[in-house]
Amino acid sequence: MRILSIQSSVSYGHVGNSAAVFPLQRIGHEVMPVYTVIFSNHTGYGDWGGPMLTGDNVRDVVRGIDARGGLDDVDLVLSGYQGGNDIGDAILDAVALVKERNPQALYACDPVLGSAASGCSVAPEVQSLIRDRVVPKADLITPNQFELGFITGTDPHTIEETLVSVDLVRANGPKNVLVTSVLRPDREEGTIEMLAVTEAGAWIVQTPLLPFKVNGSGDVTAALFSAQLRESGDAAAALGRTAASVYELLENTLNAGSRELQLIESQDAYVSPKHSFEVIQVR
Ligand SMILES: Nc1ncnc2c1ncn2[C@@H]1O[C@H](COP(=O)(O)OP(=O)(O)OP(=O)(O)O)[C@@H](O)[C@H]1O
Ligand SMILES: [Mg+2]
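Quick look at the structure, then. Since the model is a prediction, treat every value here as computed from it, not as a measurement. (Residues numbered from 1 in each chain as written. Chains lettered and ligands numbered in written order. Predicted model: local features only at pLDDT ≥ 70, side-chain atom pairs only at ≥ 80, totals over all residues.)

### Some points on the packing of helix 3 (residues 85-101) against helix 4 (residues 124-134)
Part 1 of the reasoning: It is the contact of helix 3 with helix 4, at a shortest axis distance of 10 Å, that shows an interaxial angle of 20°. Judged by the inter-axis angle, helix 3 sits roughly parallel to helix 4. Helix-helix and strand crossings are classified by hand; for helix 3 and helix 4 the assignment is right-handed. In this structure, helix 3 contributes Asn85, Gly88 and Leu92 to the contact, and helix 4 contributes Glu125, Leu129, Arg133 and Val134.
Part 2 of the reasoning: In terms of residue class, the contact of helix 3 with helix 4 is made up of 3 nonpolar, 2 polar and 2 charged. (Axes fitted to C-alpha atoms, helices over the stretch in contact; angles between N-to-C directions. Helix = DSSP H or I, 4+ residues; strand = E, 2+ residues; numbered from the N terminus. Parallel < 35°, antiparallel > 145°, perpendicular 65-115°, else oblique. Left-handed = near helix turned anticlockwise from the far one by under 90°. Contact = placed C-beta atoms within 7 Å. Nonpolar A, V, L, I, M, F, W, Y, C, P; charged D, E, K, R; others polar.)

This is how it looks when you write it as structure tokens:
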């Protein structure tokens, strides 16, 4: 499968395309990374070097790929954090061009806005860009539970509330939704869940909650789930496989005492994860 992935690049560590590309390649996909920023490291360190690219830079790269015929067989467009309208418009243009070349292509948007722990962490411009203009154009979105609430003007906690919010956003565009970091009030202590909803149904998967937070895990989660759903159309299988791969990656990272994902060391986790978590149909 050929994937156009428009995300940031970091030299040190693994977020954005520097988290998403390798796992996708390791499971056999042809990935064309297009960068939105080229930074030394993720901004959580407080300082970094390197340029932000403009919407026109992104358009130039996409145009060059198109000139090679490289958009004709793109099956999936992935996007991550969008820093403003300039980049957002270029991503929407790329999606439109890809769909012109291949109407079967799917656009998977990770609507990065914040988290339950940190609240909304993006500028007002980005909030309306994502909520009002990007999400309605997406075929698949991968919000965490907080972002789902933000996009829909709801505050979902239980599985039932989360399904109601998912249906609100599905009525507005994206037919496929993966909700990450679902923390329902009645969960077993020390667990975390993900919920996948498509036209075919809704499924949850639960894993142990590891006692740490590392940047980039959401980027790997979105990439693996999107590619696997696009490839197989089987949301339950994609959910179980993604949960197992990401859990093993996080477990390895925790055991290594690392501040950055053990992305390369965990390469077998993407191909044949050693854990297997039960996927339960909830609708
Ligand atoms: N501490 C953890 N223990 C177990 N699994 C985790 C942990 N952190 C993340 N995950 C897994 O990774 C998935 C993606 O979560 P992650 O928090 O990285 O992305 P997110 O929910 O979008 O948040 P953010 O984008 O703010 O990092 C979760 O649904 C969960 O399956
Ligand atoms: Mg996220």
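That shown, we press on.
### Some remarks on the site of ligand 1
Part 1 of the reasoning: Taken together, 19 residues lie around ligand 1, and Asn144, Thr180, Ser181, Ser217 and Gly218 are the ones closest in.
Part 2 of the reasoning: Contributing elements (two or more residues each) for the shell around ligand 1: strand 8 (176-182), strand 9 (191-198), helix 7 (217-232) and helix 8 (235-256).
Part 3 of the reasoning: Per-element accounting of the shell around ligand 1 gives the leading share, 4 residues, to helix 8.
Part 4 of the reasoning: Along the lines of polarity and charge, the residues of the shell around ligand 1 split into 10 nonpolar, 8 polar and 1 charged. (Near = placed C-beta within 6 Å.)

### Details of the nonpolar core
Part 1 of the reasoning: Leu76, Val77, Ala94, Ala108, Met194, Ala196 and Leu239 are the most contacted members of the largest nonpolar core, which has 84 residues in total.
Part 2 of the reasoning: If one sorts the elements of this core by residue count, helix 8 sits on top with 9 residues. (Core = buried A, V, L, I, M, F, W, Y, C linked by C-beta atoms within 7 Å. Buried ≥ 20, exposed ≤ 12 C-beta atoms within 10 Å, placed from the backbone.)

### Some words on the packing of helix 7 against helix 8
Part 1 of the reasoning: Close contact between helix 7 and helix 8 brings their axes to 9 Å; oriented N to C, the two are set at 150°. Judged on the interaxial angle alone, helix 8 and helix 7 are roughly antiparallel. Considering the relative orientation of helix 7 and helix 8, their crossing is right-handed. In this structure, helix 7 contributes Ser217, Val220, Thr221, Leu224, Phe225, Gln228, Leu229 and Ser232 to the contact, and helix 8 contributes Ala235, Ala237, Ala238, Leu239, Arg241, Thr242, Ser245, Val246, Leu249 and Leu250.
Part 2 of the reasoning: Partitioned by chemical class, the residues of the contact of helix 7 with helix 8 number 11 nonpolar, 6 polar and 1 charged.

### Regarding the pairing of strand 9
Part 1 of the reasoning: Judged from the 4 bridges that link them, strand 8 and strand 9 form a sheet pairing that is antiparallel. Opposite valine 182, over in strand 9, you have glutamate 193 as the bridge partner.
Part 2 of the reasoning: The pairing of strand 9 with strand 10 (residues 201-208) spans 8 bridges and is antiparallel. By the bridge assignment for strand 10, methionine 194 is matched with valine 205.
Part 3 of the reasoning: Between strand 9 and the antiparallel strand that follows it, strand 10, lie 2 residues. (Pairing = 2+ DSSP bridges.)

### Describing the sheet that holds strand 11 (residues 279-281)
Part 1 of the reasoning: Taken in spatial order, the 9 strands line up as 2-1-3-4-7-8-9-10-11 in an open sheet, and their pairing is mixed. Every interior strand has two partners, whereas the edge strands, strand 2 (30-39) and strand 11, have only one.
Part 2 of the reasoning: In this structure, strand 7 (residues 140-141) lies alongside strand 8, joined through 2 bridges in parallel fashion. Bridging across to strand 8, isoleucine 141 finds its partner in valine 177.

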